[in-house]
Amino acid sequence: MKSATDYVWFNTAKKREYINITGSVEKLVAKSGIKEGMVLVSAMHITAGVYVNDDEPGLIADIDQWLEKIAPFNPHYQHHHTGETNGDAHLKNLLVHHQVVVPISEGRLDLGPWQQIFYAEFDGQRRKRLVIKAIGE
Amino acid sequence: MKSATDYVWFNTAKKREYINITGSVEKLVAKSGIKEGMVLVSAMHITAGVYVNDDEPGLIADIDQWLEKIAPFNPHYQHHHTGETNGDAHLKNLLVHHQVVVPISEGRLDLGPWQQIFYAEFDGQRRKRLVIKAIGE
Amino acid sequence: MKSATDYVWFNTAKKREYINITGSVEKLVAKSGIKEGMVLVSAMHITAGVYVNDDEPGLIADIDQWLEKIAPFNPHYQHHHTGETNGDAHLKNLLVHHQVVVPISEGRLDLGPWQQIFYAEFDGQRRKRLVIKAIGE
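Asker: What am I meant to see in the sheet that holds strand S8 (residues 128-136) of chain A here?
Answerer: Residue and element names in this part refer to chain A. Sheet architecture is open: five strands sit in the order S1-S8-S3-S5-S6, paired in antiparallel fashion. Edge positions in the open sheet fall to strand S1 (2-10) and strand S6 (108-109), since each of these has one partner strand only. The pairing of strand S3 (residues 37-43) with S8 spans seven bridges and is antiparallel. Looking across to S8, one finds that Ala 43 is bridged to Leu 130. Contacting S1, S3, strand S5 (99-105), S6 and S8, helix H1 (residues 22-32) runs over the sheet at an angle of about 150° to S1.

Below you can see the structure in the form of structure tokens.
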């Protein structure tokens, strides 16, 4: 069995951003030499997500508005008694999830034609980290 | 390490359908000869999901109504400026997620008594594809 | 390739509970001897979830209230024609998801500083089970 691991850092300009990280995942898979396996892409924070969808600006705006509607900013979350103000970012993380697992076939990401991997920042403007780990052979 | 991969095609009669694919996943696991490992079941489209739940028609109707309530069809999604009309299907995909990972133990899917694997189509009536990949030994 | 599997049983006092299971997952990873790999943590029921987030009581209360708002108890789910009353627990399971995959690096769970793994019970007060499976080498 082979494995390979990489970490990617982010420090977004805005509180919420959606960053296409497919290239970073492809790079690790190529470096790993794995032909058949799986790659795990996982945010290492509890206020950021990872998802697979289309890289289309209108859709990204729709996703952002939808997440804010379903899991809105609200000053009254109980979590805020700790001094935090990011309760909504935790709920957005739960909704989007913090990780995806992508198949590797014949040495490449086995994604459909429109599938792109995104890092979704919900509480940015500070350094945050993502882990990419491939296993297979 | 062993691996095995299969692709399953769908072309649903309706826009939204929920199809029990547990048998297809079991078949690949049996073919793979893997005794201990994991199997990834992943929609290759951005308007379809994969989930694990009960195969009970009333529940499936509840899930469909609930998804339409949380991520409704709406002509005004910004994604529709591209000419598409399926913005809701992208949001339903985000909610349900496009993939599950199921454990393989003693050569079989290690699911609980009521757990069944479903392909959830949110924008059907055309050919779409699912990838199933098992790794282990 | 190495693998290791464990099962954890729950029988919660309340209908809904959120239980930090990070220690159980760490124990299996240590026992497995795996240095580089992945561990799958998966509820074996269709009315329970597994997620990764912060172990902060205010946040857990927020999550519980939010899930009840998005996927509320409702006597009128069609699933209830079977005699069940737990339609909401199935929808909460869909929202939270029943499984996570966590990276193993240098023999340890490769989680961020605040990431803890939770079993989320949505229909408790009876015996239910979780599977933890690590693969790697």
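Asker: Please clarify how the interface of chain B and chain A should be interpreted in this entry.
Answerer: Taken together, the contacts link 29 residues of chain B with 35 residues of chain A. Surface buried jointly by chain B and chain A totals about 2,800 Å² across both partners, of which 63% is contributed by carbon and sulfur atoms. Its largest share of buried area at the contact with chain A, chain B owes to Met 1, Ile 46 and Leu 94 of chain B, together 23% of the area lost on that side. Counting every contact that joins chain B to chain A gives one salt bridge. Of the charged contacts in the structure, one is a salt bridge between Glu 36 of chain A and Lys 133 of chain B, with a shortest N-O distance of 2.4 Å. Counting residues per element, the ones that place at least two in the side of chain B that touches chain A are strand S1 (2-10), strand S3 (37-43), helix H3 (87-96), strand S5 (99-105) and strand S8 (128-136) of chain B. Looking at the side of chain B that touches chain A element by element, the count peaks at five residues for H3 of chain B.

Asker: Which parts of the structure should I look at to understand the interface of chain B and chain C?
Answerer: When the parts of a complex come together, some accessible area is lost, and that lost area is often used as the size of the interface. With 35 residues of chain B in contact, the opposing surface of chain C contributes 29 residues. When the buried area of chain B at its contact with chain C is split by residue, Met 38, Asp 62 and Trp 66 of chain B rank highest and sum to 23% of it. The tally of links between chain B and chain C comes to one salt bridge. Going through the elements one at a time, S3, strand S4 (48-53), helix H2 (57-70), H3, S5 and S8 of chain B are the ones with two or more residues in the side of chain B that touches chain C. Here the residues of the side of chain B that touches chain C are counted per class, giving 20 nonpolar, nine polar and six charged.

Asker: Would you mind showing me how to read the relation of the copies chain B and chain A here?
Answerer: One copy of the chain maps onto the second through a rotation about an axis and a displacement along it. The two copies are related by a screw operation: chain B maps onto chain A through 120° of rotation and 0.0 Å of translation along the axis, at an RMSD of 0.0 Å. What we have between these two chains is a three-fold relation.

Asker: How should I be thinking about empty space enclosed by the protein in this particular structure?
Answerer: If a probe the size of a water molecule is rolled over the atoms, the empty space left behind becomes visible. On inspection of all chains with the given rule, the structure shows six cavities of 30 Å³ or more. Here the largest cavity defines a volume of roughly 50 Å³. Together, Val 50, Tyr 51, Val 52, Val 96 and Val 100 of chain B together with Asn 93, Leu 94, His 97 and His 98 of chain C line the largest cavity. Secondary-structure elements contributing two or more residues to the lining of the largest cavity are S4 of chain B together with helix H3 (87-96) of chain C. In terms of residue count, S4 of chain B provides more of the lining of the largest cavity than any other element does, three residues in total. The class makeup of the residues in the lining of the largest cavity is six nonpolar, three polar and no charged.

Rules used throughout
Residues numbered from 1 in each chain as written. Chains lettered and ligands numbered in written order. Predicted model: local features only at pLDDT ≥ 70, side-chain atom pairs only at ≥ 80, totals over all residues. Heavy atoms only, no water. Pairing = 2+ DSSP bridges. Helix = DSSP H or I, 4+ residues; strand = E, 2+ residues; numbered from the N terminus. Contact = heavy atoms within 4.5 Å. Axes fitted to C-alpha atoms, helices over the stretch in contact; angles between N-to-C directions. Buried area = accessible area lost by both parts, 1.4 Å probe. Salt bridge = Lys/Arg side-chain N within 4 Å of Asp/Glu carboxyl O. Nonpolar A, V, L, I, M, F, W, Y, C, P; charged D, E, K, R; others polar. Least-squares fit on C-alpha atoms with pLDDT ≥ 70 in both. 1 Å grid on protein atoms, 1.4 Å probe; cavity = no way out; pocket = protein on both sides within 12 Å on 5 of 7 lines; lining within 4 Å. Points joined across faces, edges and corners; volume = space filled by probe spheres on them.

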